[in-house]
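Each chain, letter by letter, is given below.
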Amino acid sequence: MAGASVSESDRFRHLPACLPPMFSLSLPGVIRRNAVFLTTIFASAFAFEIAFDSASNKVWDSLNRGRQWKDIKHRYIVKEEEDDD
């Protein structure tokens, strides 16, 4: 059925009716082409990874404040005195 045309409403009838309006308006435009769909998925996964890593690092740093090397290295690193000869 290469030449069969499918109406816009039939193409996306499988989408849940409970989607928020912003998804119901933008999702059909994203799903229309496979390349756009995959690009959207990969870009969303990349953005989620960056956001999740940043949030995880902030939580970790706040829970371990004062116990990490970046917090205590000033105690152990001796500054060399400059000798003016």
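Residues numbered from 1 in each chain as written. Predicted model: local features only at pLDDT ≥ 70, side-chain atom pairs only at ≥ 80, totals over all residues. Heavy atoms only, no water.

1. Structural notes on the packing of aromatic side chains
By the definition in use, this model includes 2 aromatic pairs. Judged by centre distance (5.9 Å) and plane angle (25 degrees), the ring pair of F48 and F52 falls under stacked. Placement of the pair is F48 and F52 together in helix α3 (residues 34-63), with a separation of 4 residues, close to one helical turn. Residue classification places F48 among the exposed positions, given a relative accessible area of 57%. Residue F52 is classed as partly exposed on the basis of its relative accessible area, which comes to 49%. (Phe/Tyr/Trp six-rings, centres within 6.5 Å; stacked < 30°, edge-to-face > 60°. Helix = DSSP H or I, 4+ residues; strand = E, 2+ residues; numbered from the N terminus. Buried < 20%, exposed > 50% of the residue type's maximum accessible area, 1.4 Å probe, protein only.)

2. Observations regarding the UniProt feature "transmembrane region" (unreviewed entry) in the protein chain
Here, the residues flagged by UniProt with the feature "transmembrane region" (unreviewed entry) are residues 35-52. In the segment residues 35-52, helix accounts for 100% and strand for 0%; the C-alpha atoms at its two ends are 25 Å apart. (UniProt positions renumbered as here; feature names shortened; annotations may be inferred.)

3. Some details on the pattern of salt bridges
Tallying each qualifying case throughout the model produces 1 salt bridge. Close ionic contact of K70 with D61 constitutes a salt bridge, the shortest N to O distance being 3.1 Å. For K70, a relative accessible area of 49% translates into the label partly exposed. (Salt bridge = Lys/Arg side-chain N within 4 Å of Asp/Glu carboxyl O.)

4. Overview of the side chain of Q68
With respect to the helices and strands, Q68 occurs in the loop between α3 and α4 (69-76). Under the relative-accessibility criterion, Q68 is labelled buried at 17%. Non-local contacts of Q68, meaning those with residues more than four positions away in its chain, are made with W60 and D61. (Contact = heavy atoms within 4.5 Å.)

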